[in-house]
Amino acid sequence: MASFESMSAVRSGDIHSEDLRSGDIHSEDLRSGDIHSKDLRSGDIHSEDLRSGDIHSEDLRSGDIHSEDRRSGDMHSEDLRSGDIHSEDLRSGDIHSEDFRSGDIHSEDFRSGDVHIVLKCPPHKLINISDCCVKLSRNSNRKIISVSKETEIDKQWIDLQKCNSKLFNALKFRLNSVSCENDFVSIELGITCYKDFLCTNLSPSGVQFYNYGVEKFNNRQACFSDAIGVGAFVETIDEFIILLKRSSSCAEAPGVWDRPGGHPEPQECSLSTDQDDLYDIPGEVVITEIFQSVLREVRDEVNIDLEQLNQPLLMGIARNPRNFGKPSAEFYIKCNVTSEEIKHNYQKGTQTEADESTSINFIRIDDIHRLDKLSIWTQLTPAAKAAFYLYTETNVEPLSRTE
């Protein structure tokens, strides 16, 4: 597999040694915690992000296996753990599925690689809007570290706006937990904002939020914004999947290929601009906004009329470890337009969010199962990789042929 873009940053903490011995090792991001050693020995290992906790060693040895995590306490190995941890699914490529549900923590265990699957719908059973429910609560908001840290966030936001005049703040939904029982999905959400997302999940000091969440709340995600995004795996009538190249003005993942997507907006659910009033929004209104927002994103980014899009079906939810677990709900949408028509309409540039991408590309459905062997795989966002992975795992393809 081709290598990913490299990043090297040794940020702080009790890091004692690093032993990089051979192979196609392109980057290491050691951020803090009690990390004592790391032994990368060979294989197609492209990056490792060790963020905190009681991690004492990591041994990455070969092949497409991207992580093995041996920890202190009652976590003993990659496959055997204590508590209510049920499964870990390590597959080829950079996608790792982990279901971590001990206590009140509903998030996967962070490892190397690009994608961690939180929710995967059953094979041949994608989830429609009637099979979902949402609980919106203040208890699902991110936890505050300190007043001084909040002041630091405000200052960081001002600096970001100085660098990118197109940035603006807006309220978002925060993913706290998700579960699926008998093919019915339950989602617990709080309220956050785009400022908090950029200044926690994308912050250079994100490890501080991580460590504090682990130490004070036994929840590594507790202090992150975790604004939930939505992504659209759009299949055209002539059996292509749409990709957009993100513009350099995008605050997140500029210049790489992505599926159409964005964020559901709390203020689409209420006429009130007061955040306190938003917690009274009925759950059915919130879940409707989540499903409808992904259709709007396709319209506004690609220039496809809503009338040409079938109702979205939820494939699953993933987290992006590069951004400290930024979550996204990935949807399958069948489109009643050909790829050539879509390309023509996109190139008109009349869509509302035309400035968010610079070009369009199409992937044949028949190429999806070998996509990680194609050169474009290394140019995809983690969220796009999650969408492709979920598509293949849920076997949606036969369903699309019978519609």
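Residue indices begin from 1 for each chain and proceed along its sequence in written order. Per-residue local features of the predicted model are confined to residues with pLDDT of at least 70, and side-chain atom pairs are confined, for both listing and counting, to 80 or more; whole-chain, interface and lining totals are unaffected and use all residues. With hydrogens and water stripped out, all remaining heavy atoms of the structure feed into the side-chain values.

*Asks:* Explain the pattern of salt bridges here, please?
*Replies:* Side chains that differ in charge, positive against negative, can pair when their charged atoms come close. Any carboxyl oxygen of Asp or Glu within 4 Å of a side-chain nitrogen of Lys or Arg constitutes a salt bridge here. Enumeration over the complete set of coordinates arrives at 17 salt bridges. Of the charged contacts in the structure, one is a salt bridge between Lys-172 and Glu-265, with a shortest N-O distance of 2.8 Å. Of this pair, Lys-172 sits in strand β13 (residues 171-181) while Glu-265 sits in the loop between β18 (261-262) and α4 (275-278); the two residues are 93 residues apart in sequence, bridging distant segments of the chain. One network of salt bridges, in which partners are shared, links Arg-246, Asp-258, Arg-259 and Glu-330. The helix and strand labels rest on DSSP assignments: H or I over at least four residues marks a helix, E over at least two residues marks a strand, and numbering proceeds from the N terminus.

*Asks:* Sorry if this is basic, but what is going on with the nonpolar core here?
*Replies:* Side chains of nonpolar character tend, in soluble globular proteins, to be buried together. We call a set of buried Ala, Val, Leu, Ile, Met, Phe, Trp, Tyr and Cys residues a nonpolar core when their side-chain atoms join them within 4.5 Å. Only protein chains enter the accessibility calculation, which uses a 1.4 Å probe; a residue is then buried when its area is under 20% of its type maximum, exposed when over 50%, and partly exposed in between. By size, the foremost hydrophobic cluster in this structure holds 72 residues, and its most contacted members are Ile-187, Leu-189, Phe-233, Ile-242, Ile-342, Leu-380 and Phe-388. Each residue touching Ile-187, except ones within four places of it in the same chain, is listed here: Cys-133, Val-134, Lys-135, Leu-175, Ser-177, Val-178, Ile-287 and Ile-317. Membership of the second largest hydrophobic core comes to 14 residues, among which are Tyr-210, Ala-222, Ala-227 and Phe-324. By definition, residues are in contact when any of their heavy atoms lie within 4.5 Å.

*Asks:* Help me understand the sheet that holds β13, please; the structure alone is not making it clear to me.
*Replies:* Paired through their backbone hydrogen bonds, the strands of a sheet run either parallel or antiparallel. DSSP calls a pair of strands paired once it identifies at least 2 bridges connecting them. Read from one edge of the open sheet, 3 strands run β12-β14-β13, paired in mixed fashion. Of all strands in the sheet, those with a lone pairing partner are β12 (132-136) and β13, marking the two edges. Between one strand axis and the next, the sheet turns through 25° on average, direction left out of account. Where β12 lies against strand β14 (residues 184-193), 5 bridges are found, and the strand directions are parallel. Across the sheet, residue Val-134 finds its bridge partner in β14, namely Ile-187. Orientation is described by lines fitted to C-alpha atoms, with helices fitted over the stretch in contact, and by angles between N-to-C directions that extend from 0 to 180 degrees. Across the sheet, helix α5 (residues 283-302) touches β12, β13 and β14, and the angle it forms with β12 is around 115°.

*Asks:* How do you make sense of the packing of aromatic side chains when you look at a structure like this?
*Replies:* Ring pairs (aromatic) are described by centroid distance and by the angle formed between their planes. Aromatic contacts are taken between Phe, Tyr and Trp rings whose centres are within 6.5 Å, Trp giving its six-membered ring; a plane angle under 30 degrees counts as stacked, one over 60 as edge-to-face, and the others as tilted. Taken as a whole and assessed by the stated rule, the structure comprises 10 aromatic pairs. Relative to Phe-324, the ring of Phe-224 has its centre 5.1 Å away and its plane inclined at 20°; by these criteria the two rings are stacked. Taken as a pair, Phe-224 in the loop between α3 (206-217) and β15 (229-235) and Phe-324 in the loop between β19 (313-320) and β20 (326-334) lie far apart in primary sequence, 100 residues in all. On the numbers, 6.4 Å between centres and 85° between planes, the contact of Phe-240 with Phe-362 is edge-to-face. Of this pair, Phe-240 sits in strand β16 (residues 240-246) while Phe-362 sits in strand β21 (residues 357-364), and the two are 122 residues apart along the sequence. Of the two residues, Phe-240 and Phe-362, neither departs from the other in class, the shared state being buried. Following the ring pairs from residue to residue traces out a cluster consisting of Phe-233, Tyr-332, Phe-388 and Tyr-391.

*Asks:* Honestly, unusual backbone geometry in this entry has me stumped. Any pointers?
*Replies:* Across residues other than glycine, the phi torsion is negative in most instances, and most of the peptide bonds are trans. For Asn-182, which is not glycine, the phi torsion reads 55° and is therefore positive. Classification of Asn-182 by relative accessible area gives exposed; the value is 71%. Look at Asn-218: it is not a glycine, yet its phi comes out positive at around 55°. One can find Asn-218 in the loop between α3 and β15.

*Asks:* What should I look at first to understand helix α6 (residues 339-348) in this one?
*Replies:* Note on helix geometry: an α-helix contains 3.6 residues per turn, so any two residues three or four positions apart are oriented the same way. All buried positions along α6 are accounted for by Ser-339, Ile-342 and Tyr-346. Within α6, the buried residues cover an arc of 60° as seen down the axis, which keeps them to one side. Those residues of α6 that are exposed and aimed more than 90 degrees away from the buried face are Glu-340, His-344 and Gln-347. Downstream of α6 by one or two residues, Gly-349 has phi in the positive range, about 75°. To obtain the arc, one takes the directions from the helix axis to the C-beta atoms.

*Asks:* What exactly am I supposed to notice about the pairing of β16 here?
*Replies:* Along any regular strand the residues' side chains alternate between the sheet's two faces. With 5 of its 7 residues buried, β16 lies for the most part within the structure. When β16 meets β21, the two strands line up antiparallel, connected through 7 bridges. Within β21, the position partnered with Ile-242 by the bridge is Phe-362. Pairing analysis gives 2 bridges linking β16 to strand β17 (residues 257-258), with the strands arranged antiparallel. Paired with Lys-245 across the two strands is Trp-257, which belongs to β17.

Read these as geometric descriptors, not functional statements.
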